[in-house]
Amino acid sequence: MPERVYADGDALIKYGERGDEMYLIRYGKVRVLVPDSKGGRIEVAILGRGQFVGERSVINDKLRSADCVAQGKVQVVVLKKRDFLDLDNPLLAWMLDYDAVSAVLKSLPAFKKLKQEQMEHIFDRFEARQELYQGDVVLSHGDLIEKIYVVKMGEVHLLNSEDQQVTDPAFVKEAGGFTFFGDACLEAITKCPYTVRVASEIAHVLSLPRRQLDGFLGALGGGLTSKGQLLAALRQCKSLQALREEDVSAIVDAGDPIRYSPGELIAVANPTMAATAFYLVRSGELLLLPASVQLPANITEVDVTQAEQLAVGRLTAGGLYNEMVLSAPAAPLQAHLIARAPGTVVTIFELASITKALGAPGGLLHRGAQQQAQQQQYLQQQQQQYLQQQQYMLQQQQQPQAHLPGAVVPSMAQ
């Protein structure tokens, strides 16, 4: 491959041009400059030996997004687009993958303070690159988003539930010329609001499962470790936003933090029993199992693998569950809560403890006669539905091997 030498101040790449070359730096450093709002340029990065320059416009067929200028003497290997498309070089492919992943991870707040060696360890946890073709589906509407997806080459489109193409810059984002989505899974595992489909003839997609980052929770902040972080997490709850700082602090003090092992049951959804607490994940991860999954009586632990298959959602550090109990008539939990990750710590806030700590503040935890009547009526309806469900299950059990599909099997520890 041909090589080229640039003197100090020479431009390898100019903003806005269409490029058909990319460069591998063999010696020297290259400054990356982008336009600012005042007509000047801002330095956003300095690239060095072993790094690529200009690969993004070559891969994605886009205009140059920055000026790249030699800082001192620079020697590069020149790779033209036609050579790149015909090249089957695993090392080159790996370096391009690394460049795309690095650009995306460095744009996310959770990763900005990581050291280079930590970044390399995370890169090793990315799944093998997928080669997808036009029309292939990356995620379907309603799928759990459990990975960060990086589109190294190609484009994707979003389709809503009516199969109409839409745009959502808060969902599909861009960093350094690369498209990515799914980063919300760093905070909570949720269902995908769109179908993500490949729009270009071909796309290369890299993905990082959220669970692969469990070992890096310390590097990413270690969950909620300070009282200030706990206060900020509780402020997510609308019912607490109007309270004084000292009142929210009293609620934090009233909470009971408990450590759980993977598979341990934290709370069981009982349709005949009103919930009397809400939950804050301080570290680790929770699985949310639908209340329709019937758990054996007196069970304390389940098989995590089976539970993951049935989960309708997940919560990570900072996640709140059932906080509506603070301002609405008491109702049963809508899901079973199960610890998924090692070192999961959950603070349980019982209404009785909060009421005692705050002296039953007006309008927040007080439930008058009308509210109590609504609660009683609601529970009676739930009990009636529960009895009907039990009667149906009894009829099903009279048939050989009848059981509720998808029931979680107790772990061997019982």
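Presented here is a report on the structure given in the accompanying data block. Here the structure is a predicted model, which means the values were calculated and not measured.

Relative to the helices and strands, R64 is located in the loop between α1 (55-60) and β6 (67-80). One buried charged side chain, R64, makes no salt bridge at all; its nearest oppositely charged neighbour is E17, positioned 5.6 Å away. Within the structure, R64 has its side chain in polar contact with the backbone oxygen of G54 (distance 2.8 Å). Leave out the neighbours within four places in its chain, and R64 touches I13, K14, Y15, G16, E17, G19, D20, E21, G54, S57 and V58.

All right, on to the side chain of D183 then. Relative to the assigned elements, D183 resides in the loop between β14 (178-181) and β15 (188-191). A polar atom in the side chain of D183 sits 2.8 Å from the side chain of K173.

Scanning the model with the defined rule gives 14 salt bridges in all. Residue R244 is joined to D247 by a salt bridge in which the shortest nitrogen-to-oxygen separation is 3.2 Å. Measuring nitrogen to oxygen at the nearest pair gives 3.0 Å for the salt bridge that ties E285 to R340. On the criterion of sequence distance, the pair formed by E285 in strand β21 (residues 285-290) and R340 in the loop between β24 (335-339) and β25 (344-350) is long-range, its members being 55 residues apart. For E285, a relative accessible area of 1% translates into the label buried. Residue classification places R340 among the buried residues on the basis of a relative accessible area of 10%. Overlapping salt bridges bring together E146, E285, E308, R314 and R340 as one network.

Bringing the sheet that holds β14 into the picture now. Strand order in this open sheet of five strands is β7-β17-β10-β14-β13, and the pairing throughout is antiparallel. Two strands close off the open sheet at either side, each with one partner strand: β7 (130-133) and β13 (173-175). Put simply, the sheet's adjacent strands are angled 35 degrees from each other on average, direction ignored. Bridging between β7 and strand β17 (residues 202-209) involves four bridges; their strand directions are antiparallel. The residue bridging Y133 from the neighbouring strand is I202, located in β17.

Rules used in this analysis
Residues numbered from 1 in each chain as written. Predicted model: local features only at pLDDT ≥ 70, side-chain atom pairs only at ≥ 80, totals over all residues. Heavy atoms only, no water. Helix = DSSP H or I, 4+ residues; strand = E, 2+ residues; numbered from the N terminus. Buried < 20%, exposed > 50% of the residue type's maximum accessible area, 1.4 Å probe, protein only. Lys, Arg positive; Asp, Glu negative; His and termini not counted. Salt bridge = Lys/Arg side-chain N within 4 Å of Asp/Glu carboxyl O. Polar contact = N/O pair within 3.5 Å; in protein donor to acceptor, adjacent residues only side chain to side chain. Contact = heavy atoms within 4.5 Å. Pairing = 2+ DSSP bridges. Axes fitted to C-alpha atoms, helices over the stretch in contact; angles between N-to-C directions.

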